[in-house]
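# Report on the structure
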Amino acid sequence: MTSKYLTARLAVAVLSLLPCLASAQGQVRLDVSDFGAKGDGQTNDLPAIQKAIDAAINKGPGTVVRIPSGHFRLIPVDPQQRSHLQLKNARGISIAGNRDSFLDCADPKKDIFRIQNSSDIAISSLKLERHPFVFTQGIIQSISAADKSVEATIDPGYDAPDSQYIAPLNFLMIFADPTARTWHHDAAWPPEIQKRERLESGRWRFTLSRAPDPIYAGKPFVIWRNVYGGWGFSISDSKNVRVQEVAYYAGGGQAGFVINHSEGEMSFTRFSVTVPPGSGQRFASAGGAMVFNNRIRLLVDDCDFALTDDDNINMGTNSSHVIAQDGPRKLRIESGRDRADYRPGDRVELWDWAAKKARIEAKVVSVSHEKQWDEIVLDRDVKAGQTGIGPLAEFRAANPKGDIHPSRRANEYDGIDRLVNLEEAGTAVIRNSRFQSLRARNLLIKSSDTIIENNVFHDTAMTSILVGPEFYWDEGPAVRHLVIRNNRFENISGSSIFVAAHTTQSEFPQQGKSARPLPESLDNRDITI
């Protein structure tokens, strides 16, 4: 497939976004004020706004929920509810604010919008905030290498290190180069706070897991860790969602959006994950977006991602362990919500996990769902190598709340064949956007038929655009038909573009050694840069 053909194909896909959601003009409008919302920054407006949304869902397609100017405080009262606002089984509903419509969300553990089993949803012209913040910030005043400690002051207006939401956080992230606005990476992770002592009002001593670097003195810092799980938008089992003119000020919370098991067009236009202009905040959120196990066309256009910790956009699908081979064309594979969905007609690849290379491509003929696995019948004979459930699944079964990372490393090198669904990685157009000031990668691309164009990437501590499967995370597949063009890269500590088949050894080499991508990376193909 030529880049010209790919451009034309994706241009048609993007244009199809325009008619898929009807215009709000002439439609039924419901104002949240008529349901009791005050917008005064004090009243809990969550019940009133949710009532307006529920009424719109009952009225059906073409209904618009209007959120006027105001500061709408949202305080969840139901401990079982996983979000502040929910659209479930909604069809053709729009939620529209204006430039002064603020939704101020009180629970960092809960998503702001949760969209489930819905279609043709439009959300526009809102500012999403979280209070209280789940980070704090200040200045390192002095260091003591001998006792592994620093003395620091907390910036006015930020919570004390022993306050309710800050006490569980223990990463001390030092901004050694304030112009780059990314925290210092002298090791894989920042030093951890092992003890915190209040010296006087606003002044603290932190005892660290390792001796502080001499460059820390006089530098800004943030105390944070990703322990609160509420996303800006959580979208699942849905079709055709458009988000436009929305700013997400996460206050240290979870990333901007997560999409899984969805279909159709997913559009984010003039969407931002950052901090309020002029606020002086040094940190925005855990990341930008996770987009996995979907059959979607994703559009990211004229968006901003800044001051996040982890990756800005990670898109692909999760591979499945081959538990057993029950016949020449029959495979038993692991199932679950964190795995791909398989349907008759899907193109799949069987991967040799020891060699990190695809064995064969086939089509799914039939799927049967058992309690603990799926049985897949293929259209041709295949021969799997090693089979089994793998160390990660074994560990999760025995330790549901344990630290999975040691077993995930073992999982990366377990040698058990995987099945990868090529239909579940999605396609994307990412254009005219800005990605900056973060620890990790701007874009992780495992999707095919994708265009990345006219973007600006700067002040990134790792690779800017990472292309290809990541075996540590069971993420793939290999990429086909990708165009990267007319982008600008500034002050990128890692590679600007890194195309390979990625393991922890290739992405994160030992200190003093250079990265060595796998030679099998040529399974990525038809890539134009």
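Just so it is clear, the model here is predicted, and its values are computed rather than measured.

Thresholds applied
- Residues numbered from 1 in each chain as written.
- Predicted model: local features only at pLDDT ≥ 70, side-chain atom pairs only at ≥ 80, totals over all residues.
- Heavy atoms only, no water.
- Helix = DSSP H or I, 4+ residues; strand = E, 2+ residues; numbered from the N terminus.
- Contact = heavy atoms within 4.5 Å.
- Core = buried A, V, L, I, M, F, W, Y, C linked by side-chain atoms within 4.5 Å.
- Buried < 20%, exposed > 50% of the residue type's maximum accessible area, 1.4 Å probe, protein only.
- Pairing = 2+ DSSP bridges.
- Axes fitted to C-alpha atoms, helices over the stretch in contact; angles between N-to-C directions.
- Polar contact = N/O pair within 3.5 Å; in protein donor to acceptor, adjacent residues only side chain to side chain.
- Phe/Tyr/Trp six-rings, centres within 6.5 Å; stacked < 30°, edge-to-face > 60°.
- Lys NZ or Arg CZ within 6 Å of the ring centre and 35° of its normal.
- Arc of directions from axis to C-beta.
- Parallel < 35°, antiparallel > 145°, perpendicular 65-115°, else oblique.
- Nonpolar A, V, L, I, M, F, W, Y, C, P; charged D, E, K, R; others polar.
- pLDDT = per-residue confidence, 0-100.
- Salt bridge = Lys/Arg side-chain N within 4 Å of Asp/Glu carboxyl O.

For Thr-274, the location among the structural elements is in the loop between strand E19 (263–273) and strand E20 (289–292). Between the alpha carbons of Thr-274 and Ala-306 there is a distance of 5.0 Å; along the sequence they are 32 residues apart. If near-sequence neighbours (up to four positions away) are discounted, Thr-274 is found in contact with Tyr-248, Tyr-249, Ala-250, Ala-284 and Ala-306.

One broad trend across soluble globular proteins is that nonpolar side chains are buried collectively. If you look at the biggest cluster of nonpolar residues, it comprises 64 residues, and the most contacted ones within it are Leu-103, Phe-113, Phe-233, Phe-271 and Leu-298. If one sorts the elements of this core by residue count, helix H3 (residues 46–59) sits on top with 8 residues. With near-sequence residues (within four places) excluded, Phe-113 lies in contact with Leu-85, Leu-87, Ile-95, Leu-103, Ile-123, Leu-126, Leu-128, Gly-232, Phe-233 and Ser-234. Membership of the second largest hydrophobic core comes to 29 residues, among which are Ala-152, Leu-169, Trp-183 and Phe-283.

Looking now at the sheet that holds strand E29 (residues 418–421). Strands sit in the order E24-E25-E28-E27-E26-E29 around a closed barrel of 6 strands; the barrel is antiparallel. Strand-to-strand twist across the sheet, computed as the mean angle between neighbouring axes with direction ignored, equals 45°. Here 5 bridges tie strand E25 (residues 330–334) to strand E28 (residues 373–378), and the two strands are oriented antiparallel to one another. Within the sheet, the bridge partner assigned to Glu-334 lies in E28 and is Trp-373.

Topologically, His-458 is positioned in strand E34 (residues 456–460). Separated by 2.8 Å, the side chains of His-458 and Asp-459 make a polar contact. Ignoring sequence-local partners within four residues, the contact set of His-458 consists of Phe-435, Gln-436, Ser-437, Glu-490, Asn-491 and Ile-492.

Of note, the amide linkage connecting His-131 to Pro-132 takes the cis form, showing an omega dihedral of 10°. Mapped onto the elements, Pro-132 comes out in the loop between strand E9 (119–130) and strand E10 (136–144). For the peptide bond that leads from Gly-476 to Pro-477, omega is 0°, which places it in the cis range. Here Pro-477 shows up in the loop between strand E36 (475–476) and strand E37 (480–485). Positive phi outside glycine occurs at Asn-432, with the angle close to 55°. Looking at the secondary structure, you find Asn-432 in the loop between strand E30 (427–431) and strand E31 (434–438). Look at Asn-432 and you get partly exposed, because its relative accessible area is 31%.

The next subject is the environment of Phe-471. Checked against the element boundaries, Phe-471 lands in the loop between strand E35 (465–467) and E36. Phe-471 gets classed as buried once you look at its relative accessible area, which sits at 1%. Considered as a pair, Phe-471 and Phe-283 are 188 residues apart in the sequence and their alpha carbons are 29 Å apart.

Further remarks concern the packing of aromatic side chains. Counted under the stated rule, the structure contains 19 aromatic pairs. A centroid spacing of 5.4 Å and a plane angle of 15° characterise the contact between Phe-133 and Phe-135, whose relative ring orientation is stacked. Pair check on accessibility: Phe-133 and Phe-135 agree, each one buried. Both rings, one in Tyr-472 and one in Trp-473, keep their centres 4.9 Å apart while their planes meet at 85°; by these two values the pair is edge-to-face. Owing to a relative accessible area of 12%, Tyr-472 belongs among the buried residues under this scheme. Taken together, the ring pairs in this structure connect Phe-113, Phe-233, Phe-257, Phe-268, Phe-271, Phe-305, Phe-435, Phe-457 and Phe-489 into an aromatic cluster. Here Lys-356 stacks its cationic end above the ring of Phe-471, 5.4 Å away from the centre of that ring. The aromatic ring of Trp-353 is capped on one face by Arg-418, whose charged end is 3.9 Å from the ring centroid.

Turning to helix H5 (residues 405–412), a few remarks are in order. The periodicity of an α-helix, 3.6 residues per turn, causes residues three or four positions apart to be oriented the same way. Every buried residue of H5 is listed here: Ser-407, Arg-408, Asn-411 and Glu-412. Around the axis of H5, the buried residues are gathered within 150° of arc, so they sit on the same side.

With that settled, consider the packing of helix H4 (residues 390–398) against H5. Pairs of packed helices are described in terms of their axes, by the angle between the two and the distance that separates them. Taken N-terminus to C-terminus, the directions of H4 and H5 make an angle of 155°; their axes are 6 Å apart at the nearest point. In terms of their interaxial angle, H4 and H5 are classed as roughly antiparallel. Contact with H4, carried on its side by Gly-390, Pro-391, Leu-392, Phe-395 and Arg-396, involves Ser-407, Arg-408, Ala-410 and Asn-411 of H5 and no other residues of that element. The residue makeup of the contact of H4 with H5, split by class, is 4 nonpolar, 3 polar and 2 charged.

Before going further, it helps to spend a moment on the confidence of the model for the chain. In this model, the chain carries a mean pLDDT of 90, and residues with pLDDT of at least 70 account for 91%. Of the regions scoring below 50 in pLDDT, residues 12–25 engages in 22 contacts with residues more than four places distant in sequence or in other chains.

Moving on to the pairing of E28. Where strand E27 (residues 357–369) meets E28, 5 bridges bridge the pair, whose relative direction is antiparallel. Opposite Ser-366, over in E28, you have Val-377 as the bridge partner. What sits between the antiparallel neighbours E27 and E28 is a turn of 3 residues.

Here we take up the sheet that holds E10. Taking strand neighbours across the sheet as the criterion, the 6 strands line up as E12-E15-E10-E11-E14-E13 in an open arrangement whose pairing is antiparallel. In the strand order of this sheet, the two ends are held by strand E12 (171–174) and strand E13 (193–200), each with one partner. Between one strand axis and the next, the sheet turns through 35° on average, direction left out of account. Bridge analysis of E10 against strand E15 (residues 220–224) gives 4 bridges, and the strand direction is antiparallel. For Gln-137, the partnering residue across the bridge sits in E15 and is Val-222.

Any two side chains of opposite charge can pair if their charged atoms end up close together. By the definition in use, this model includes 41 salt bridges. Between Asp-381 and Arg-329 there is a salt bridge; the shortest N-O distance is 2.9 Å. Of this pair, Asp-381 sits in the loop between E28 and H4 while Arg-329 sits in the loop between strand E24 (320–327) and E25, and the two are 52 residues apart along the sequence. Under the relative-accessibility criterion, Asp-381 is labelled partly exposed at 48%. As a salt-bridge pair, Asp-523 and Lys-357 come within 3.5 Å of each other at their nearest N and O atoms. Separated by 166 residues along the polypeptide, Asp-523 in the loop between helix H6 (504–507) and strand E40 (525–528) and Lys-357 in strand E27 bring together distant segments of the chain. Classification of Asp-523 by relative accessible area gives buried; the value is 13%. With a relative accessible area of 36%, Lys-357 lands in the partly exposed category. Where salt bridges share partners, they join Glu-334, Asp-338, Arg-339, Asp-414, Arg-418 and Asp-474 into one cluster.

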